[in-house]
Amino acid sequence: MMGPHERAVVDSALRVNGVEGLRVIDASIMPAVVSGNTNAATIMIAEKGGDMIHAAARVTGVAKAKAA
(Lines give C-alpha, C1' and ligand atoms only; values in the text may rest on other atoms or scores of the structure.)
Protein backbone atom coordinates (compact mmCIF):
# COMPACT_ATOMS: atom_id res chain seq x y z
CA MET A 1 0.00 0.00 0.00
CA MET A 2 1.18 3.51 -0.79
CA GLY A 3 0.99 6.42 1.59
CA PRO A 4 2.72 8.59 4.18
CA HIS A 5 1.72 6.47 7.19
CA GLU A 6 3.92 3.91 8.95
CA ARG A 7 2.06 0.89 7.49
CA ALA A 8 2.74 2.03 3.91
CA VAL A 9 5.14 -0.08 1.89
CA VAL A 10 5.83 2.56 -0.77
CA ASP A 11 6.00 6.36 -0.62
CA SER A 12 4.32 8.84 -2.97
CA ALA A 13 7.20 8.46 -5.45
CA LEU A 14 6.53 4.68 -5.55
CA ARG A 15 9.87 3.93 -3.81
CA VAL A 16 9.85 0.93 -1.47
CA ASN A 17 10.49 2.10 2.10
CA GLY A 18 13.80 0.80 3.43
CA VAL A 19 15.09 -0.48 0.07
CA GLU A 20 17.43 1.62 -2.07
CA GLY A 21 16.68 1.82 -5.80
CA LEU A 22 13.45 -0.22 -5.87
CA ARG A 23 10.03 1.02 -6.95
CA VAL A 24 6.73 -0.82 -7.15
CA ILE A 25 4.61 0.24 -10.11
CA ASP A 26 1.51 -1.94 -10.22
CA ALA A 27 -2.01 -2.23 -8.83
CA SER A 28 -0.81 -3.54 -5.46
CA ILE A 29 0.09 -0.01 -4.31
CA MET A 30 -3.51 1.24 -4.38
CA PRO A 31 -4.58 2.03 -0.79
CA ALA A 32 -8.16 1.14 -1.79
CA VAL A 33 -9.32 -0.77 -4.85
CA VAL A 34 -11.21 1.41 -7.30
CA SER A 35 -14.85 0.54 -7.87
CA GLY A 36 -14.50 0.67 -11.64
CA ASN A 37 -12.12 -0.98 -14.06
CA THR A 38 -8.76 -1.52 -12.32
CA ASN A 39 -7.00 -1.68 -15.69
CA ALA A 40 -7.33 2.08 -16.25
CA ALA A 41 -6.02 2.91 -12.77
CA THR A 42 -3.10 0.49 -13.21
CA ILE A 43 -2.19 2.04 -16.56
CA MET A 44 -2.16 5.51 -14.97
CA ILE A 45 0.06 4.26 -12.12
CA ALA A 46 2.45 2.83 -14.73
CA GLU A 47 2.48 6.05 -16.75
CA LYS A 48 3.14 8.18 -13.68
CA GLY A 49 5.80 5.76 -12.41
CA GLY A 50 7.55 5.82 -15.77
CA ASP A 51 7.53 9.63 -15.73
CA MET A 52 9.03 9.63 -12.22
CA ILE A 53 11.81 7.23 -13.21
CA HIS A 54 12.56 9.22 -16.34
CA ALA A 55 12.69 12.52 -14.42
CA ALA A 56 14.96 11.01 -11.74
CA ALA A 57 17.31 9.63 -14.40
CA ARG A 58 17.44 13.02 -16.11
CA VAL A 59 18.30 14.79 -12.83
CA THR A 60 20.92 12.16 -11.94
CA GLY A 61 22.46 12.41 -15.41
CA VAL A 62 22.69 16.20 -15.16
CA ALA A 63 24.31 15.98 -11.72
CA LYS A 64 26.88 13.47 -12.98
CA ALA A 65 27.64 15.63 -16.03
CA LYS A 66 28.20 18.70 -13.85
CA ALA A 67 30.49 16.75 -11.52
CA ALA A 68 32.68 15.51 -14.39
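Just above, that's the structure.
Note that this is a predicted model, so its numbers are computed, not measured.

Thresholds, definitions, all that
- Within each chain, residue numbers correspond to sequence positions counted from 1 in written order.
- Confidence filtering applies because this is a predicted model: local features only for residues at pLDDT of at least 70, side-chain atom pairs given and counted only at 80 or more, and all residues used for totals across whole chains, interfaces and linings.
- The side-chain values count all of the structure's non-hydrogen atoms but skip hydrogen atoms and water molecules.
- By the criteria applied, helices consist of DSSP H or I runs no shorter than four residues and strands consist of E runs no shorter than two, each listed in order from the N terminus.
- Categorising residues by exposure relies on relative accessible area from a 1.4 Å probe, with only protein chains included: less than 20% of the type maximum marks a residue as buried, more than 50% marks it as exposed, and the intermediate range marks it as partly exposed.
- Contacts: residue pairs with any heavy atoms within 4.5 Å of one another.
- N or O atoms within 3.5 Å of each other form a polar contact, as long as, within protein, one can give a hydrogen and the other can take it, and as long as residues adjacent in sequence are counted only when both atoms are side-chain atoms.

Enquirer: Explain the overall build of the chain residue by residue, including any values.
Expert: Helices and strands together make up the secondary structure of the chain, namely 1 helix and 0 strands. Counting every position in the chain, which comprises 68 residues, the buried fraction comes to 19%. Taking as baseline every contact in the chain between residues at least 6 positions apart, the subset at least 24 positions apart corresponds to 28%.

Enquirer: Break down the side chain of D11 for me, citing the residues and quoting the values.
Expert: Within the element layout of this structure, D11 appears in the segment before α1 (38–67). Reaching out from D11, the side chain makes a polar contact with the backbone nitrogen of A13 at a distance of 3.0 Å. Within polar-contact distance, the side chain of D11 engages the backbone nitrogen of R15 at 2.9 Å. Beyond its immediate sequence surroundings of up to four residues, D11 is in contact with M2, G3 and N17.

Enquirer: An account of unusual backbone geometry is requested, with residue identities and associated values reported.
Expert: Glycine aside, residues mostly have negative phi angles, and peptide bonds mostly take the trans form. One non-glycine residue, L14, adopts positive backbone phi at about 65°. Note on placement: L14 falls in the segment before α1.

Enquirer: Hey, could you go over the environment of T42 for me, with residue numbers and the actual values?
Expert: Position of T42 among the secondary structure elements: in helix α1. Residue classification places T42 among the partly exposed residues on the basis of a relative accessible area of 25%. Taking C-alpha positions, T42 is 8.3 Å from I25, a pair spaced 17 residues apart along the chain. In this structure, T42 is in contact with A27 and M30, ignoring residues within four places of it in sequence.

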